[in-house]
Amino acid sequence: MSSSDIFIGETIGTAILILLGGGVCAAVTLKASKARNAGWLAITFGWGFAVMTAVYISAPLSGAHLNPAVTLGIAIKDDDWSNVLTYWSGQLLGAMIGAVLVWIAYYGQFLAHLTDRAIVGGPGAQDVKSVEAREAKAGPVLGVFSTGPEIRVVWQNLATEIIGTIVLVLAVLTQGLNDSGKGLGTLGALITAFVVVGIGLSLGGPTGYAINPVRDLGPRIVHALLPLPNKGGSDWSYAWIPVAGPLIGGAIAAGIYNVAFA
């Protein structure tokens, strides 16, 4: 794979991943969406299908890492760091593109949601007791773009992201790689999609399971930049956890693989 193939493949694949994954979050969250309040099962399966679709599209070009933690794990496993920055740059760009596409696809729903006084507050909304009004204090649509903890305990939030990413990267390294070992294979895409669903169902409750630095960082940057009315803050004080946690988890998973499986 050439550097240009890697960059293009990771950009396209990660954009598809965030478009479909962020899209299901928007569908479940936003006012006037037909899927509103569909629940956690819809989100976890939506992200699983997003992974599967993105992998099948991008694997022929880049091996479909789509996640800096996966790239780091493979680099440690192979002791080959030559294309790490190319992978990471394509992944971050793709994540930002995907987040913008979610905004475009749900433009009307974003406006309806963020101009509803029952959700964002304002004159005449002081007595509203809805879940949306309470959540507005933390940013009424930030969850469409990035993750956040239900209970803010730094060491626990970080540990949850590390543990979830260890499971993901170990599954990729032991079951998912193609014959060359440089990315996900055809069967590996399906296995990894189900692993992502399993992580979401079992470990996603505390933090929303980023398990991928650019899945969180790229859309969070877009949230900060988009002209969304009443959007709330981007919670940058938390933003380092879904970046550092998955990278630490990916490195630990690669270490476990090299000790136990190599």
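Residues numbered from 1 in each chain as written. Predicted model: local features only at pLDDT ≥ 70, side-chain atom pairs only at ≥ 80, totals over all residues. Heavy atoms only, no water.

With that settled, consider the environment of I221. With respect to the helices, strands and loops of the structure, I221 is situated in helix 11 (residues 213-225). Setting aside its immediate chain neighbours within four residues, I221 contacts M96 and W236. (Helix = DSSP H or I, 4+ residues; strand = E, 2+ residues; numbered from the N terminus. Contact = heavy atoms within 4.5 Å.)

How two aromatic rings sit relative to each other is given by the distance of their centres and the angle of their planes. Throughout the structure, instances matching the rule amount to five aromatic pairs. Here W40 and Y209 contribute two aromatic rings whose centre-to-centre distance is 5.8 Å and whose plane-to-plane angle is 70 degrees, an arrangement assigned as edge-to-face. One end of the pair, W40, is in helix 2 (residues 40-62); the other, Y209, is in the loop between helix 10 (186-203) and helix 11, with 169 residues separating them in the sequence. Overall, Y209 belongs to the buried group, its relative accessible area being 6%. When the ring of F45 is compared with that of F49, the centres are 6.4 Å apart and the planes differ by 40 degrees; the resulting orientation is tilted. Highlighted residues: F45 and F49, both in helix 2, separated by four residues, approximately one helical turn. Its relative accessible area of 35% is what places F45 among the partly exposed residues. (Phe/Tyr/Trp six-rings, centres within 6.5 Å; stacked < 30°, edge-to-face > 60°. Buried < 20%, exposed > 50% of the residue type's maximum accessible area, 1.4 Å probe, protein only.)

The subject of this paragraph is the nonpolar core. Among the nonpolar cores identified, the biggest contains 54 residues, and L17, W47, F110, F145 and L228 are the most heavily contacted of them. Of the residues forming this core, the biggest block, nine residues, is contributed by helix 9 (residues 154-176). Once you skip the residues sitting within four places of it in the chain, F110 turns out to touch L30, V102, W103, V141, V144, F145 and L228. (Core = buried A, V, L, I, M, F, W, Y, C linked by side-chain atoms within 4.5 Å.)

Let's shift gears to the side chain of T44. Among the secondary structure elements, T44 is positioned in helix 2. Other than its neighbours up to four places away in sequence, T44 contacts V197, G200, L201 and Y209.

Right, let's talk about helix 12 (residues 241-260) for a bit. Its 20 residues place the ends of helix 12 28 Å apart at the C-alpha level, agreeing with the 28 Å of an ideal helix rising 1.5 Å per residue. Three or more residues of helix 12 are buried, namely I241, P242, G245, P246, G249, G250, A253, A254 and Y257. On the buried face of helix 12, the contacting elements are helix 3 (68-78), helix 9 and helix 11. (Expected span 1.5 Å × (residues − 1).)

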